[in-house]
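# Chain and residue survey
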Amino acid sequence: MNQQQEARRAAAQAFRQALEQLQQSLETEPSPEPTSLPVSPGLEKQDAVPEANLNVWEDAIADIEQFMQDLAASDS
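Residues numbered from 1 in each chain as written. Predicted model: local features only at pLDDT ≥ 70, side-chain atom pairs only at ≥ 80, totals over all residues. Heavy atoms only, no water.

In this section: the overall build of the protein. Of regular secondary structure, the protein possesses two helices and zero strands. Relative to its full complement of 76 residues, the protein shows a buried share of 5%. On the protein, roughly 6700 Å² of surface is accessible, and the fraction owed to carbon and sulfur atoms is 53%. (Helix = DSSP H or I, 4+ residues; strand = E, 2+ residues; numbered from the N terminus. Buried < 20%, exposed > 50% of the residue type's maximum accessible area, 1.4 Å probe, protein only. Areas by Shrake-Rupley, 256 points an atom, 1.4 Å probe, with all protein chains shown as cover.)

Negative charge collects at one region of the surface, where Glu-27, Glu-58, Asp-59 and Asp-63 lie side by side. For the negative patch, the leading source of residues is helix H2 (residues 54-75), giving three residues. Inspection of the secondary structure assignment puts Glu-27 in helix H1 (residues 3-28). (Patch = residues over 30% accessible without salt bridge, like charges linked within 9 Å, V, L, I, M, F, W, Y side chains within 5 Å. Salt bridge = Lys/Arg side-chain N within 4 Å of Asp/Glu carboxyl O. Lys, Arg positive; Asp, Glu negative; His and termini not counted. Charge placed at Lys NZ, Arg CZ, Asp CG, Glu CD.)

When two helices pack together, you describe them by how their axes are tilted relative to each other and by the distance separating the axes. Running from N to C, H1 and H2 cross one another at 150 degrees; their axes reach a closest spacing of 11 Å. Viewed along their axes, H1 and H2 adopt a mutual orientation that is roughly antiparallel. Like other packed secondary-structure pairs, H1 and H2 cross with a definite hand, here left-handed. Where H1 approaches H2, its residues Arg-9, Ala-12, Phe-15, Arg-16, Leu-19, Leu-22, Gln-23 and Leu-26 are matched on the opposing element by Leu-54, Ile-61, Ile-64, Glu-65, Met-68, Ala-72 and Asp-75. (Axes fitted to C-alpha atoms, helices over the stretch in contact; angles between N-to-C directions. Parallel < 35°, antiparallel > 145°, perpendicular 65-115°, else oblique. Left-handed = near helix turned anticlockwise from the far one by under 90°. Contact = heavy atoms within 4.5 Å.)

Now the structure itself:
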């Protein structure tokens, strides 16, 4: 196998491990109390950035994991 394929495979494996660590930390850490972001003077309340939604992050992680599984299956 050439070096480029090996490097790609190593990078994909490292990425998968990082995703697994992220998922584990999201599952084990208690959710912090939501905090509101400071609003700059002149910005109305409706212009403030909305709170992050944990479900959106979980969906994104699941999508990335599926992509990595598909990628690994196509490499085999």
